[in-house]
Amino acid sequence: MNDNQKDINLLNRIRTGDKSAYKELINRHKDYAFTVAYRILNNREDAEEVAQDAFMQVFGALQSFNAESKFTTWFYRIVFNAALMQKRKNKVEAVDIESSSEAFLVSHSSDSAEDLRINERKRAIQKALQNLSADDTTMITLFYLNELSLEEIAEVTQISAETVKVKIHRARKRLAEEMKKLWKDEVKSLL
């Protein structure tokens, strides 16, 4: 049984009133929902709230889900839209102490050189992603981090696969430019 069939099975069990199936569905997709929301919002608390709201929306809209579709695509659309709505609400950006460079240096001071290099690379990419538009960040996240196909991204974002391909290409270029701006000569050593 593939992942989508497992999700459909869980949804069917939820429809019959099986509360343990709902808990299992949340456990299967909570990290995914948080990651998607966090990539758009860049705020841990907001991302957690959006992920919780998305699961509530799933529960409320179970009857409208078409079992012919892939659950993760439908679910992502819910998370994506909820995160965009939250981003519109947030006009002021707060600094997350856990993601600050000072906290990073303190918490990773005993890491090996290789661990530091890997963490520095992740930080560089995350910082560059924060400076991109929500659209660019979404395209990069869906394609490279969530490994969705062009067709799946097209279904989620409700644009054509050809347009998705162009947007991903442009987003990659802007990410590279942003990394060059932020890290100048260090980019070569990070890549």
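Provided above is the structure to which this section pertains.
Reading guide: rules and limits
- Residues numbered from 1 in each chain as written.
- Predicted model: local features only at pLDDT ≥ 70, side-chain atom pairs only at ≥ 80, totals over all residues.
- Heavy atoms only, no water.
- Helix = DSSP H or I, 4+ residues; strand = E, 2+ residues; numbered from the N terminus.
- Polar contact = N/O pair within 3.5 Å; in protein donor to acceptor, adjacent residues only side chain to side chain.
- Contact = heavy atoms within 4.5 Å.
- Phe/Tyr/Trp six-rings, centres within 6.5 Å; stacked < 30°, edge-to-face > 60°.
- Expected span 1.5 Å × (residues − 1).
- Buried < 20%, exposed > 50% of the residue type's maximum accessible area, 1.4 Å probe, protein only.
- Salt bridge = Lys/Arg side-chain N within 4 Å of Asp/Glu carboxyl O.

Enquirer: I'd love a proper account of the side chain of Thr-157, names of residues and values included.
Expert: In this fold, Thr-157 is placed in helix α8 (residues 150–157). Engagement of the side chain of Thr-157 in a polar contact is seen with the backbone oxygen of Ile-153, the distance being 2.7 Å. Among residues more than four places away in sequence, those in contact with Thr-157 are Met-139, Leu-142 and Val-164.

Enquirer: Let's hear about the packing of aromatic side chains: which residues, and what values?
Expert: The tally for this structure, following the rule as stated, stands at ten aromatic pairs. Aromatic ring contacts, followed pair by pair, group Phe-55, Phe-65, Phe-71, Trp-74 and Phe-75 into a single cluster.

Enquirer: Now, about helix α9 (residues 161–183): what can you tell me, with residues and values included?
Expert: Across its 23 residues, α9 extends 32 Å between first and last C-alpha, which sits within 8% of the 33 Å expected from 1.5 Å per residue. When we look at burial in α9, the residues that qualify are Ala-161, Val-164, Ile-168, Ala-171, Leu-175, Glu-178, Met-179 and Trp-183.

Enquirer: For the pattern of salt bridges, give the residues involved together with the corresponding values.
Expert: Inspection of the entire model under this criterion finds nine salt bridges. A salt bridge links Lys-181 to Glu-178, with the nearest nitrogen and oxygen atoms 3.3 Å apart. With Lys-181 and Glu-178 both in helix α9, this residue pair falls three residues apart, about one helical turn. Counted as one network, the salt bridges with shared partners bring together Asp-3, Asp-7 and Arg-28.

Enquirer: Could you give an account of unusual backbone geometry, with specific residues and numbers?
Expert: Although it is not a glycine, Asn-42 adopts a positive phi angle of roughly 55 degrees. Topologically, Asn-42 is positioned in the loop between α2 (19–41) and α3 (44–60). With a phi angle near 60 degrees, Gln-158 is a residue other than glycine that sits in the positive phi range. Locating Gln-158 in the fold gives a position in the loop between α8 and α9. A residue is classified by how much of its surface remains accessible, and Gln-158, at 61% relative accessible area, is exposed.

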